Amino acid sequence: GNSVTQMEGPVTLSEEAFLTINCTYTATGYPSLFWYVQYPGEGLQLLLKATKADDKGSNKGFEATYRKETTSFHLEKGSVQVSDSAVYFCALTPYNQGGKLIFGQGTELSVKP
Amino acid sequence: GAGVSQSPSNKVTEKGKDVELRCDPISGHTALYWYRQSLGQGLEFLIYFQGNSAPDKSGLPSDRFSAERTGGSVSTLTIQRTQQEDSAVYLCASSSGLAGRVTQYFGPGTRLTVL
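Residues numbered from 1 in each chain as written. Chains lettered and ligands numbered in written order. Predicted model: local features only at pLDDT ≥ 70, side-chain atom pairs only at ≥ 80, totals over all residues. Heavy atoms only, no water.

1. Thoughts on the interface of chain B and chain A
At step 1: Facing the 15 residues of chain B at the interface are 16 residues of chain A.
At step 2: Approximately 1,400 Å² of surface area, both sides summed, lies buried where chain B meets chain A, with 56% of it carried by carbon and sulfur atoms.
At step 3: Remark: the boundary between chain B and chain A carries 1 salt bridge.
At step 4: Put simply, Asp56(B) and Lys100(A) hold a salt bridge, and the shortest N to O gap is 3.0 Å.
At step 5: Where chain B touches chain A, the interface holds 7 residue pairs in polar contact (both at pLDDT 80 or more).
At step 6: At the level of elements, β4 (31-38) and β5 (42-50) of chain B are the ones that each hand at least two residues to the side of chain B that touches chain A. (Contact = heavy atoms within 4.5 Å. Buried area = accessible area lost by both parts, 1.4 Å probe. Salt bridge = Lys/Arg side-chain N within 4 Å of Asp/Glu carboxyl O. Polar contact = N/O pair within 3.5 Å; in protein donor to acceptor, adjacent residues only side chain to side chain. Helix = DSSP H or I, 4+ residues; strand = E, 2+ residues; numbered from the N terminus.)

If you want it as structure tokens, here you go:
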């Protein structure tokens with residue numbers, strides 16, 4: 001079946017620290033991969049995506065590379081800010097299944113000044 | 001243009017009552033998705049529509065749950081005989097196509113509390 005596994009949170013970092021949130025997936029065929037973010041009190045929004053192997057998605061200083069050989073899509077940012085505090089969800093859309101998203105359990109990030 | 005809107009934003013109901021949740025997708029978006037976010041189960045897919053038809057209802061938890069879409073636009077998710085385990089945030093998303101790489105845009109959600 002299709003599934004996504006993320007590192008458990010909460011993750012607490014100091015401002016300007018390096019961030020990695022691990023994400024691995026199981027899927028048949030060639031899924032597309034996504035990171036969504038949910039800021040406090042706000043709705044879910046797309047952070048970045050990659051649609052084929054070796055693609056790198058990037059946005060707002062965040063990056064993630066689609067690694068087919070390790071079935072991973074780890075999220076990284078070189079220097080986090082307090083405003084990055086949020087819950088981050090890794091997700092995939094299985095190949096040819098109408099675009100439905102399969103989400104990981106979410107990782108809460110708290111950045112302290 | 002406007003984003004995805006959902007109503008009501010909050011709904012409190014008694015166990016055994018029926019509820020209807022509404023989703024207005026982004027104008028022109030042909031695909032519409034319903035998800036549920038709960039503490040125990042995380043974010044789960046429920047159903048999606050292409051136009052007015054629902055090719056995949058595999059995520060609906062029981063036959064108490066149903067959904068429809070009319071005019072290729074507004075969708076309603078109905079939960080009959082609500083149970084306490086139905087308490088969750090129900091999210092709607094829309095996109096311009098069904099391809100997995102197409103971005104889905106989410107609404108703010110309806111928080112359902114079953115007493």
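2. Here we look at the nonpolar core
At step 1: Core analysis: the biggest nonpolar cluster contains 27 residues, and Trp35(A), Leu47(A), Leu48(A), Phe73(A), Leu75(A) and Tyr88(A) have the highest contact counts within it.
At step 2: The element contributing the most residues to this core is strand β10 (residues 86-93) of chain A, with 4 residues. (Core = buried A, V, L, I, M, F, W, Y, C linked by side-chain atoms within 4.5 Å. Buried < 20%, exposed > 50% of the residue type's maximum accessible area, 1.4 Å probe, protein only.)

3. Thoughts on the sheet that holds strand β3 (residues 19-24) of chain B
All names here are of chain B.
At step 1: The sheet built from 4 strands is open, its strands ordered β1-β3-β8-β7 with antiparallel pairing. The open sheet has two edge strands with one neighbour each: β1 (5-7) and β7 (65-69). This sheet shows a mean twist of 15° between the axes of neighbouring strands, independent of strand direction.
At step 2: Sheet topology note: the β3/strand β8 (residues 75-79) ladder contains 5 bridges and is antiparallel. Among the inter-strand pairings, Cys23 is bridged to a residue of β8, identified as Ser75. (Pairing = 2+ DSSP bridges. Axes fitted to C-alpha atoms, helices over the stretch in contact; angles between N-to-C directions.)

4. Here we look at the side chain of Thr93(A)
At step 1: Its place among the elements puts Thr93(A) in strand β10.
At step 2: Thr93(A) has contacts with Pro31(A), Ser32(A), Phe34(A), Gly99(A), Lys100(A), Leu101(A) and Gly100(B), leaving out every residue within four places of it along the chain.

5. Structural notes on the packing of aromatic side chains
At step 1: Under the counting rule described, the total for this entry stands at 13 aromatic pairs over all chains.
At step 2: With a centroid separation of 6.1 Å and an interplanar angle of 75°, the aromatic rings of Tyr25(A) and Tyr66(A) are classed as edge-to-face. One end of the pair, Tyr25(A), is in strand β4 (residues 23-26); the other, Tyr66(A), is in the loop between β8 (62-65) and β9 (75-77), and 41 residues separate them in sequence. For the pair Tyr25(A) and Tyr66(A), a shared accessibility class is recorded, and that class is buried.
At step 3: Measuring from centroid to centroid gives 6.2 Å for Phe34(A) and Tyr36(A), while their planes differ by 35°, and the two rings are tilted.
At step 4: Within the aromatic cluster, the residues linked to one another by ring pairs are Phe34(A), Tyr36(A), Phe89(A), Phe103(A), Tyr33(B), Tyr35(B), Phe45(B), Tyr48(B) and Phe106(B). (Phe/Tyr/Trp six-rings, centres within 6.5 Å; stacked < 30°, edge-to-face > 60°.)

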